Amino acid sequence: MLKTLVITGASRGIGHALAKLASEAGHSVYALSRNIETLERTATLFPISIDLTDEKAIVEFADQLKEEGVVIDALINNAGALINKPFSETSAKDFESVYRVNVFGLASLTRILIPFIELKGHVVNISSMGGLQGSSKFPGLAAYSSSKAAVNILTELLAEEYKNTGPAFNGLALGAVQTEMLEAAFPGFKAPVTAQQMAKYILQFALQGQQFYNGKILPVSSSTP
Ligand SMILES: NC(=O)c1ccc[n+]([C@@H]2O[C@H](COP(=O)([O-])OP(=O)(O)OC[C@H]3O[C@@H](n4cnc5c(N)ncnc54)[C@H](OP(=O)(O)O)[C@@H]3O)[C@@H](O)[C@H]2O)c1
């Protein structure tokens, strides 16, 4: 059955592959990122330029959905920001810039869109192996990985808060995927998984995973990093 998805971080990397894959399969996709030149509007792909740190812009997007009578089946919070810097050199601003996208932006978008999400629908938060307690950790990623840890707990909390009504909330803690972000985090490292391969897995999970999971953070990784 064809569904309606909102996918963030759609201008490049995993989100771009995901938006293309889903829309080419016939699903309606609202593809959100600041830059949208890489996304060609089609009958099923609707690029929306949004900075997730701008709550006013998110509200305007929600108004558009309301006007169009849109019901969302899956929200995939995939957008992410990363800073790779020794902790001693990071400023409060660095931490803030990462958290504003990965945590506060994700929380704002989710809160504002929940009224539009089908009760049997699914919110999938894209997290990272580095945000899991007890996983391998890497220097330089203090702001990034700690923000993903916050995303994981937020996911569990929302699943609890909405467990009697829906939608379902799950997190996917990704391992290395070949994208610009991976290159920034681990320069020169070759990931065993492409953005397209990961997109295929995430799409299937977003459309079906809520039948089997709620409030889970699932590691999706076959390598370290
Ligand atoms: N690649 C990996 O190995 C890996 C591993 C673990 C987890 N992840 C997670 O997977 C997700 C996708 O990562 P990726 O590797 O595809 O990253 P990427 O290539 O760096 O893409 C990040 C996306 O996030 C968007 N974004 C960043 N700041 C934004 C903002 N303020 N407002 C709206 N959109 C914003 C970017 O679009 P604009 O710049 O156009 O706004 C871009 O589309 C992220 O959450 C990342 O943490 C990736």
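Structure: see above.
The rules behind these values
- Residues numbered from 1 in each chain as written.
- Predicted model: local features only at pLDDT ≥ 70, side-chain atom pairs only at ≥ 80, totals over all residues.
- Heavy atoms only, no water.
- Salt bridge = Lys/Arg side-chain N within 4 Å of Asp/Glu carboxyl O.
- Helix = DSSP H or I, 4+ residues; strand = E, 2+ residues; numbered from the N terminus.
- Buried < 20%, exposed > 50% of the residue type's maximum accessible area, 1.4 Å probe, protein only.
- Pairing = 2+ DSSP bridges.
- Axes fitted to C-alpha atoms, helices over the stretch in contact; angles between N-to-C directions.
- Contact = heavy atoms within 4.5 Å.
- Phe/Tyr/Trp six-rings, centres within 6.5 Å; stacked < 30°, edge-to-face > 60°.

As enumerated under the stated definition, the model contains six salt bridges in all. As a salt-bridge pair, E24 and K20 come within 4.0 Å of each other at their nearest N and O atoms. With E24 and K20 both in helix 1 (residues 13–24) and four residues apart, this pair spans about one turn of that helix. Among the residues examined, E24 registers a relative accessible area of 62% and is labelled exposed.

What the seven strands build is an open sheet, ordered 3-2-1-4-5-6-7; its pairing is parallel. Sheet topology places strand 3 (45–49) and strand 7 (217–220) at the edges, where each strand pairs with a single neighbour. Strand after strand, the sheet turns through a mean of 20° between neighbouring axes, direction not considered. Pairing between strand 2 (residues 28–33) and strand 3: five bridges, direction parallel. Looking across to strand 3, one finds that Y30 is bridged to F46. The sheet contacts of helix 2 (residues 55–68) involve strand 1 (4–8), strand 2, strand 3 and strand 4 (72–77), and relative to strand 2 the element is tilted by about 165°. Packing of helix 3 (residues 92–113) onto the sheet brings it into contact with strand 1, strand 2, strand 4, strand 5 (117–128) and strand 6 (168–174), and relative to strand 4 it is tilted by some 175°.

According to the stated counting rule, one finds nine aromatic pairs in the structure shown. Seen in terms of ring centroids, Y30 and F46 are 5.0 Å apart; in terms of plane orientation they differ by 50°. Their pairing is tilted. Within this pair, whereas Y30 is found in strand 2, its partner F46 is found in strand 3, the two being separated by 16 residues in sequence. Judged by centre distance (6.2 Å) and plane angle (25°), the ring pair of F95 and Y99 falls under stacked. With F95 and Y99 both in helix 3 and four residues apart, this pair spans about one turn of that helix. The class for F95 is partly exposed, based on a relative accessible area of 24%. Counting every residue linked through ring pairs, the aromatic cluster contains F87, F95, Y99 and F104.

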